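Each chain, letter by letter, is given below.
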Amino acid sequence: MRLTCLIFTFLLAAPVAFCTPDTVNISSYGLAPNSRENAVPYVQKALAACKGRMDNVIYFPKGRYDFWPHQCKEEVYFESNTTVCNPRRCAILIKGLEGIMLDGAGSDFIFHDRMQPFTIDHCNNISIKNVNIDWEIPLLTDAEVVDTNPDFIDI
């Protein structure tokens with residue numbers, strides 16, 4: 001009877017044990033928040049570690065992460081909502097992967113220069129959450145002219 005209860009308990013717990021997501025902490029690859037270091041190569045390594053595995057969480061401890069254009073993968077994409085500017089710099093290129101959640105824990109992802117923050121290509125079941133996206137220097141600037149005269153313009 002005791003063996004039967006033990007086997008039954010194991011069978012109930014087994015699906016939970018085998019379906020628990022693997023957490024890949026970006027810090028374990030050497031990237032610290034608020035360092036202003038280029039996050040691109042670290043994210044590429046974390047994504048490569050998830051290849052061929054399911055139910056992975058790539059976790060970023062809360063902070064600021066900077067993404068610089070050097071070391072970005074460049075890919076040709078024709079997107080309907082943008083002008084043609086190929087190849088595109090893909091800061092976080094998730095390609096050919098399945099079952100990945102990127103959890104920023106409320107972090108700020110700051111991008112530098114012209115690049116696509118996220119590119120998801122030929123993937124299934126990809127989630128991105130708790131991330132704020134911004135640029136160090138905006139690529140475009142909008143303003144409203146509120147007053148003009150021969151000596152100045154107020155915007």
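Figured I'd write up the structure that's included with this text. What you see is a predicted model; the values in this text were computed from it and never measured. (Residues numbered from 1 in each chain as written. Predicted model: local features only at pLDDT ≥ 70, side-chain atom pairs only at ≥ 80, totals over all residues. Heavy atoms only, no water.)

1. Notes on the sheet that holds strand β5 (residues 88–95)
Hydrogen bonding along the main chain pairs the strands of a sheet, whether they run parallel or antiparallel. The condition is simple: Any two strands between which DSSP finds at least two bridges are classified as paired. Starting at the N terminus, helices and strands are each numbered in turn, a helix being any DSSP run of H or I of at least four residues and a strand any DSSP run of E of at least two. Axes here mean lines fitted to C-alpha atoms, for a helix over just the part in contact, with angles spanning 0 to 180 degrees between N-to-C directions. Contact between two residues is taken to exist if any of their heavy atoms lie within 4.5 Å; hydrogens are not considered.
Strand order in the open sheet formed by three strands is β4-β5-β7, and the pairing between neighbours is mixed. Edge positions in the sheet fall to β4 (73–75) and β7 (116–121), since each of these pairs with one other strand and no more. When strand polarity is set aside, the average angle formed by the axes of neighbouring strands in this sheet is 65 degrees. With three bridges connecting them, β4 and β5 associate as antiparallel partners. Looking across to β5, one finds that E74 is bridged to R89. Contacting β4 and β5, helix α2 (residues 40–50) runs over the sheet at an angle of about 25 degrees to β5.

2. Some thoughts on unusual backbone geometry
Residues other than glycine seldom take positive phi values, yet R36 does so here, at roughly 65 degrees. In the Ramachandran plot, A105 falls in the positive-phi region, its phi being about 55 degrees despite a non-glycine side chain. For A105, the location among the structural elements is in strand β6 (residues 98–111).

3. A few points about the packing of aromatic side chains
Formally: A pair of aromatic rings is counted whenever rings of Phe, Tyr or Trp (Trp by its six-membered ring) have centres within 6.5 Å, and the orientation is called stacked for planes under 30 degrees apart, edge-to-face for over 60 and tilted otherwise. The buried label goes to any residue with under 20% of its type's maximum accessible area, the exposed label to any with over 50%, and the partly exposed label to all in between, with areas taken from a 1.4 Å probe on protein chains only.
One pass over the structure, following the stated rule, counts seven aromatic pairs. Between F67 and F111, the aromatic rings sit 4.9 Å apart at their centres with planes inclined by 20 degrees, giving stacked as the arrangement. Within this pair, whereas F67 is found in strand β3 (residues 64–67), its partner F111 is found in strand β6, the two being separated by 44 residues in sequence. We classify F111 as buried; its relative accessible area is 0%.

4. A look at a nonpolar patch on the surface
The line we're drawing: Patch membership requires more than 30% relative accessible area and the absence of a salt bridge. Residues of like charge join within 9 Å; the nonpolar side chains Val, Leu, Ile, Met, Phe, Trp and Tyr join within 5 Å. Note that accessible areas follow from Shrake-Rupley with a 1.4 Å probe, and for residues the cover is restricted to the protein chains shown. For this document, the term salt bridge refers to a Lys or Arg side-chain nitrogen within 4 Å of an Asp or Glu carboxyl oxygen.
There is a patch of nonpolar side chains on the surface, built from V145, I153 and I155 and spanning about 340 Å² of accessible area. Take V145: it is sitting in the loop between β8 (124–135) and β9 (147–149).

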